[in-house]
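So the chains spell out like this:
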Amino acid sequence: MGVHTTSTTGRDTNLATNGHPRTERVELAVGGMNCGGCVSSVERRLHQVPGVESATVNLATGKATVEMVAGVVTPQDLITALGERYPATTISDAGAHAREAGSRHGDEAERLKRSLWVAALFTAPLFILDMGAMLIPPLHDALHATIGQQNLYYLFFLLASVVQFGPGLQFYRKGWPALIHRAPDMNSLVMIGTSAAWGYSVVATFAPQVLPAGTVHVYFEASAVIITLIVFGRYLEALAKGRTGEAIQRLLSLQAKTARVQRDGDTVEVGIDQVVAGDVVVVRPGEKIPVDGEIIDGSSWIDESMVTGEPIPAQKETGSEVIGGTINRTGSFSFRATKVGADTLLAQIVRMVEQAQGSKLPIQALVDRFTGYFVPAVMVVAVLTFTIWLLAGPAPALTFALVNAVAVLIIACPCAMGLATPTSIMVGTGKAAEMGVLFRRGEALQTLRNADTIALDKTGTLTRGRPELTDLELAAGFDRSEVLALIASAEQRSEHPIGEALVAAARESGARLQEPQVFHADPGRGITAQVDGRTVQIGSARFMEELGLAPEAFSDTGMRLADEGKTPLYAAIDGRLAAVIAVADPIKASTPAAIRALHAEGLRVAMITGDNQRTAAAIARRLGIDEVVADVLPAGKVDAIKTLQADGARVAFVGDGINDAPALAQAEVGIAIGTGTDIAIESAEVVLISGDLRNVPNAIALSRATIRNIKQNLFWAFAYNTSLIPVAAGVLYPALGLLLSPMFAAFAMAASSVCVLSNALRLKRFHPPMAGGSDSDGHVTSSAPSRAVQTGRP
């Protein structure tokens, strides 16, 4: 991915053609971030760099995306601005970044695991000796009799100091720079809180005479337990973060590592990164196809379930396209590489998923603004708590003031707030990729949920996108195979889609076609041809009437076809009316169920088509579509979307063609059929990889589930902080005599982050409402939610 620069022309290389500065995008892997406060701090530092137009940071992926003026600022300027506190590197490859992120999470988990063991090893005896003596009087007496109170304090000091400046050193390394730069974060809160408890205890141990009478107490166990619990929480976070990126890791695992390429007359095995476009690649049975290409020799059956969700292997022969990452099942073949590296379909999928996972939803902007002010506000509350308890609290007032101020600092750490949204986005978009749905932009997760109208292009979206012979009814005395062979032979010279459909149907039935001796086309009426000495005429009812034939013989059939939205054609052989024909673009087998599912979600469904009103209405009746916009020219689809939006509707448009691109951009959410054109896909926020329309309700259901999950996370994060800060400050003490222990505050703070991550991971168990099925011919037409873009195995 790395640096992306918009293409521009003109005399000034720093100006785009519209006179605005040319911009480029830089993506940075940023370290040292732990909470929402870190996110705000990183974004603030990036925005302060002259030439930066926008900067967004994702805590869960550890990535910053920066839009900046080309030639004014460099990636190194951004890295320098973040400094040692937030070490950063440019991301040059999405796959490499995903692998590095996975490795970082693993290394971080191992580091935290070691720190946790050290903290637990020294905290356990400290906690048992101190708290055990308080709860068990005989143990208290035995310790005082054998070791003595002062010696116990020295022992506690040694144990707590190892924890404070061993596993706890990480909070000083990050919290102190943040504090002196006036951008305190959760590390600052933990550092101040534990240092206060440890420092007070050191004074009570080595200089008790400087403290007021009755206030000589040690809180070594509080500082040690707080650090241990927070390190434990961070360890669980690191494990959970690693799991949120599993979708990217699974996608990367689909890629072959090597390829056999023909070079200089020999077949050599090279690394996948050494394959170039134009190379001839040899694939044997059972192997993964390394890159995208076109078969030039041989044939095979290829498992493409990772892309299409279709569990049955697809037959491929010379001229067929193959996709990198799919699995060759049977034969051997050679193909010419057409797309390699970042241009392959699998690389594009990885890039789209990673972009979506790293994006920021509108709801996150509010969270970031809140956390930017939250930490300083908490420090003010902690100071007020200390002051009020010191001046108005019961004896020993200093002890109460210290304990409650520390509890406020620890309970308020905003880790859960910073993780609430990005973790759900990561898991949600990863789950979508497994279902065969790509969110090119993470914002679509939020906007798709709000859509109330689904507008569908007809051709290629509701239908298969290519005309097929649907009806052939014969007059008495004619044989079906003979008639089909004659009319298909006559149509061989026709360039009309109807002719192509008739020829395809005849060949599929095994008919032997002959070259017509005579062919004449009369546009708008029909054709006349001589085939094997026989006269074949095909055309409209008016054409038959002009020939002196009576199409009324098929009047019932003609009316039925018209009611079904089909246009009947007639065929005459040797001057006799032989058959009525209907060629139509058939409805996809999955379409009716998809429409029903959209209605079940409470959505209004509209169809936009260039068909005439009667044909469009017939299709709409058959499918149960609520609204039809017919007779729409290709350039008029945007106006059709605007007409729907004029009523206040929030429209998601589904299309697949080049002429759909403007409409996809106009709609609140554009959904492109993955089997469509690149331009349509680039204009959409959501891509259905397999082209299965049933993934539209699946995508909407997942969008709603993800936003619901985010709201749950935010509720727990905000409710936890806002409700427990007053408790930690001691507001319940006058009425109920209740205070919040700093140790319980540390446990609750760690638990809140773990709860948010665990809740986000529940999205991995999301079950899409639409599963696979079979069409009327018994062919499997699976959306394969559990298979698409996963392993590629049958």
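In this text, all values refer to a predicted model and were calculated from it rather than measured experimentally. (Residues numbered from 1 in each chain as written. Predicted model: local features only at pLDDT ≥ 70, side-chain atom pairs only at ≥ 80, totals over all residues. Heavy atoms only, no water.)

### Section: the overall build of the chain
Now for step 1: When its secondary structure is counted, the chain shows 28 helices and 27 strands.
Now for step 2: Out of the 794 residues in the chain, the part that is buried amounts to 54%.
Now for step 3: Carbon and sulfur atoms make up 57% of the accessible area of the chain, which totals about 33,500 Å². (Helix = DSSP H or I, 4+ residues; strand = E, 2+ residues; numbered from the N terminus. Buried < 20%, exposed > 50% of the residue type's maximum accessible area, 1.4 Å probe, protein only. Areas by Shrake-Rupley, 256 points an atom, 1.4 Å probe, with all protein chains shown as cover.)

### Side note on the UniProt feature "transmembrane region" (unreviewed entry) in the chain
Now for step 1: Under the UniProt annotation, "transmembrane region" (unreviewed entry) lies at residues 116-140, 152-169, 189-211, 217-236, 370-392, 398-421, 714-733 and 739-761.
Now for step 2: A distance of 24 Å separates the end C-alpha atoms of residues 152-169, which is 83% helix and 0% strand.
Now for step 3: For the annotated span residues 217-236, helix accounts for 85% and strand for 0% of the residues, and the straight-line distance between the end C-alpha atoms is 33 Å. (UniProt positions renumbered as here; feature names shortened; annotations may be inferred.)

### Details of the pattern of salt bridges
Oppositely charged side chains can pair when the atoms bearing their charge come close.
Now for step 1: Going through the model one piece at a time under the given rule, you end up with 15 salt bridges.
Now for step 2: Between E601 and R704 there is a salt bridge, with its nearest N and O atoms 2.7 Å apart. Of this pair, E601 sits in the loop between α21 (591-600) and β23 (604-608) while R704 sits in helix α26 (residues 695-729), placing them 103 residues apart in sequence.
Now for step 3: A residue is classified by how much of its surface remains accessible, and R704, at 22% relative accessible area, is partly exposed. (Salt bridge = Lys/Arg side-chain N within 4 Å of Asp/Glu carboxyl O.)

### What about the packing of helix α5 (residues 149-165) against helix α7 (residues 186-206)?
For any two helices packed against each other, the geometry is given by the interaxial angle and the distance between the axes.
Now for step 1: Relative orientation of the contacting elements α5 and α7 amounts to 155°, with a least axis distance of 10 Å. Considering the angle they form, α5 stands roughly antiparallel to α7. Of the two elements, α5 crosses α7, and the hand of that crossing is left-handed. Taken together, the residues of α7 that come into contact with α5 (itself represented by Q150, Y153, Y154, F157, A160, S161, Q164 and F165) are T194, S195, W198, V202, T205 and F206. (Axes fitted to C-alpha atoms, helices over the stretch in contact; angles between N-to-C directions. Parallel < 35°, antiparallel > 145°, perpendicular 65-115°, else oblique. Left-handed = near helix turned anticlockwise from the far one by under 90°. Contact = heavy atoms within 4.5 Å.)

### What about the packing of aromatic side chains?
Now for step 1: Summed over all chains, the structure comprises 10 aromatic pairs.
Now for step 2: Three or more aromatic residues joined by ring pairs make a cluster, and in this case those are Y154, F157, F165, Y172, W198, F206 and F220. (Phe/Tyr/Trp six-rings, centres within 6.5 Å; stacked < 30°, edge-to-face > 60°.)

### Thoughts on the sheet that holds strand β14 (residues 333-339)
Now for step 1: Spatial strand order, β7-β6-β8-β14-β9-β12: 6 strands in an open sheet with antiparallel pairing. The open sheet is flanked by β7 (266-271) and β12 (321-322), the only strands paired with a single partner.
Now for step 2: The sheet contact formed by strand β6 (residues 258-263) and β7 spans 6 bridges and is antiparallel. If you follow V261 over to β7, its bridge partner there is V268. (Pairing = 2+ DSSP bridges.)

### Section: a nonpolar patch on the surface
Now for step 1: Among the surface-exposed residues, V731, L732, L736 and L738 lie close enough to one another that they form a single nonpolar patch of about 360 Å² accessible area.
Now for step 2: Secondary-structure assignment places L738 in the loop between α27 (733-736) and α28 (742-761).
Now for step 3: According to the relative accessible area criterion, L738 is partly exposed, its value standing at 45%. (Patch = residues over 30% accessible without salt bridge, like charges linked within 9 Å, V, L, I, M, F, W, Y side chains within 5 Å.)

### Observations concerning the packing of α7 against helix α13 (residues 397-411)
Now for step 1: Close contact between α7 and α13 brings their axes to 8 Å; oriented N to C, the two are set at 155°. By the criterion of interaxial angle, the relationship of α7 to α13 is roughly antiparallel. Crossing angle aside, the handedness with which α7 passes α13 is left-handed. The residues of α13 that touch α7, namely those facing L189, V190, I192, G193, A196, A197 and Y200, are L398, T399, L402, V406, L409 and I410.

### Section: helix α22 (residues 613-623)
Now for step 1: Buried within α22 are the following residues: T615, A616, A618, I619, A620 and L623.
Now for step 2: Against α16 (458-462), α20 (555-563), α21, β23 and β24 (627-629) lie the buried residues of α22.
Now for step 3: Positive backbone phi, at 75°, marks G624, one or two positions downstream of α22.

### Describing the environment of V216
Now for step 1: Structurally, V216 can be placed in the loop between α7 and α8 (220-244).
Now for step 2: Here the alpha-carbon distance between V216 and S201, two residues 15 residues apart in the chain, equals 8.3 Å.
Now for step 3: Aside from chain neighbours lying at most four places away, what touches V216 is Y153, A204, P208 and L211.

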